[in-house]
Amino acid sequence: MTHSPTVCPLNPPEDEDLFDYYYNIPGSTPGTLSIDPTADATRIDIVHYGPDFLNIAKNRSPQEAFSCLSSNQGVFWIDVQGLGTESVLRDLGTLFQLPLLILEDVVNVPHRPKLEYHTDFLLIITQMVMNRPNRGFYCEQISFILHHNYLITIQEETHRDPFDPIRQRLEKNIGMIRRAGADYLCYALIDAIVDNYFPVLESYGDRLEDLEDIAVTNPTEETLNAIYDIRRELLSLRRNIWPQREIFNTLLRDGNPYIKPETLTYFRDCYDHTIQIIDVIETYREIASSLMDVYLSAMSNKLNEVMKTLTIISTIFIPLTFIAGIYGMNFNPDKSPFNMPELEWYWGYFLCLGVMGLITLIQLYLFKRRGWFKRSLFHRQQGR
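The notes below deal with the structure included here.

Rules used throughout
Residue positions are given per chain, counting from 1 as you read along its sequence in written order. With pLDDT at 70 or above as the cut-off, local features in this predicted model cover only qualifying residues; side-chain atom pairs require 80 or more to be listed or tallied, and sums for whole chains, interfaces and linings still use all residues. Hydrogens and water are ignored here; the side-chain numbers use all heavy atoms of the structure. Between N-to-C directions, angles span 0 to 180 degrees; the directions come from axes that are lines fitted to C-alpha atoms, helices contributing only their stretch in contact. Helix and strand definitions follow DSSP, with helices as H or I runs of at least four residues and strands as E runs of at least two, each counted in order from the N terminus. Reported orientations rely on four angle classes, namely roughly parallel under 35 degrees, roughly antiparallel over 145, roughly perpendicular from 65 to 115, and oblique for the rest. Here a crossing is called left-handed whenever its near helix is offset anticlockwise from the far helix by less than a right angle, and right-handed whenever the offset is clockwise. Pairs of residues are marked as contacts when any of their non-hydrogen atoms sit within 4.5 Å. Any Lys or Arg side-chain nitrogen found within 4 Å of a carboxyl oxygen on Asp or Glu counts as a salt bridge. Here the aromatic set is Phe, Tyr and Trp, taking the six-membered ring for Trp, and pairing holds for ring centres within 6.5 Å; pairs whose planes are under 30 degrees apart are stacked, those over 60 apart are edge-to-face, and all others are tilted. Summary of the burial criterion: residues with accessible area below 20% of their type's maximum are buried, those above 50% are exposed, and those between are partly exposed, where the area comes from a 1.4 Å probe applied to protein chains only. Two strands qualify as a pair provided that DSSP identifies no fewer than 2 bridges between them.

**Describing the packing of helix α2 (residues 86-95) against helix α3 (residues 100-107)**
Working step 1: The contact between α2 and α3 brings their axes to 10 Å, and the two run at 140°. When the axis of α2 is compared with that of α3, the two are oblique. As α2 packs across α3, the resulting crossing turns out to be right-handed. Along its contact with α2, which presents Leu89, Arg90 and Gly93, the element α3 presents Leu100, Leu103 and Val107.

Here is the structure:
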């Protein structure tokens, strides 16, 4: 596997961090490809289809992908998966006359989602998100190079394919995808990317509900860390989806020769979905921020309950300590009748304990009438 020596890791991730990307050393030559040494080897699949046929060729070379365009029938989907083989990527860029700066944006991940008009093609760079098994999400950059009769998709990885539903629709000839052009295929793939945000948001909704219950009933330091994590992840989601809204807005406003007017109607649906996703993300961010206030209030209430419990205990023992302290003084009843004559009483010890007990009962009764036990930490723990 070859890679550019001018590639530097920026905050190397630990087990798929949200921010795993590489950057060029400042001053590098324009068009330098930053190849991650751990990236998947590049593989090219070719899907050629029309209303009455479907041909799939896997693991082809860039030369074979370019030569197949000599046929004027049907639509060609050239699916490039993996960014680990620089020679294959450069050959692909040379054959399809992709400028080095365009190839750099496509290969150097992650890149901000964007839309660029060119004389020979339309470039769209998007960011796809999917749920991770251990919660959170992972992000993958997918680029689209659209021409009149072919579409090139460049995926960052090979072992995660978000386009399986589209492939099944092609194989089973479901819908109008095989009767439409490359622009409709581009829409179908981008729509699948946008729709992948909804399961991710659903998982965040569940996490926020769980965090809300924990923050109210039993807040801990782990709860605070979880709130910080979810706020950071939602911010990353927002950074991914917000520019994609601009892409669809630009397409709908300006149009493009590579996208038919009837296909733009479908892109409007993608635009509506991005607006909905942004609204949900903003709502979740507000909920996460409010959870911080709930956590701080719960911790403050928890501290107050502890202090209230300690106050009750201290208040009970203050008069008892006072009585015990008086009788612990060194007085001699033989010297004076006023020097604690009760020390000579036969039942004096039990009488002292009885007075202490009576004072304790009176205090407990007053505390109960004020409702302190109903809201005390001790009562809450005993009631569980």
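**Points about the pattern of salt bridges**
Working step 1: Tallied over the entire structure, the rule returns twelve salt bridges.
Working step 2: Salt-bridge contacts for aspartate 254 lead to arginine 253; the nearest nitrogen and oxygen are separated by 3.3 Å.
Working step 3: Members of the salt-bridge network, linked through shared partners, are Asp105, Lys114 and Glu116.

**Describing the packing of aromatic side chains**
Working step 1: Applying the stated rule across the entire model yields nine aromatic pairs.
Working step 2: Here tyrosine 184 and tyrosine 187 contribute two aromatic rings whose centre-to-centre distance is 5.4 Å and whose plane-to-plane angle is 55°, an arrangement assigned as tilted. Separated by three residues within a single helix, tyrosine 184 and tyrosine 187 lie in helix α5 (residues 182-195), roughly one turn from each other.
Working step 3: The class for tyrosine 184 is buried, based on a relative accessible area of 7%.
Working step 4: For tyrosine 187, a relative accessible area of 9% corresponds to the buried category.

**Some thoughts on the sheet that holds strand β4 (residues 53-57)**
Working step 1: Strand order in the open sheet made by the seven strands is β4-β3-β5-β9-β8-β7-β6, with mixed pairing throughout. Among the strands making up the open sheet, the edge pair consists of β4 and β6 (114-117). Between one strand and the next, the sheet's axes are offset by a mean angle of 15°, whatever the strand orientation.
Working step 2: When β6 meets strand β7 (residues 122-131), the two strands line up antiparallel, connected through four bridges. Directly across from leucine 115, in β7, lies its bridge partner isoleucine 124.
Working step 3: Contacting β3 (43-50), β4, β5 (75-81) and β9 (150-155), helix α4 (residues 164-172) runs over the sheet at an angle of about 150° to β5.
Working step 4: Along the sheet, α5 contacts β3, β5, β7, β8 (137-146) and β9; its crossing angle with β8, the most-contacted strand, is approximately 170°.

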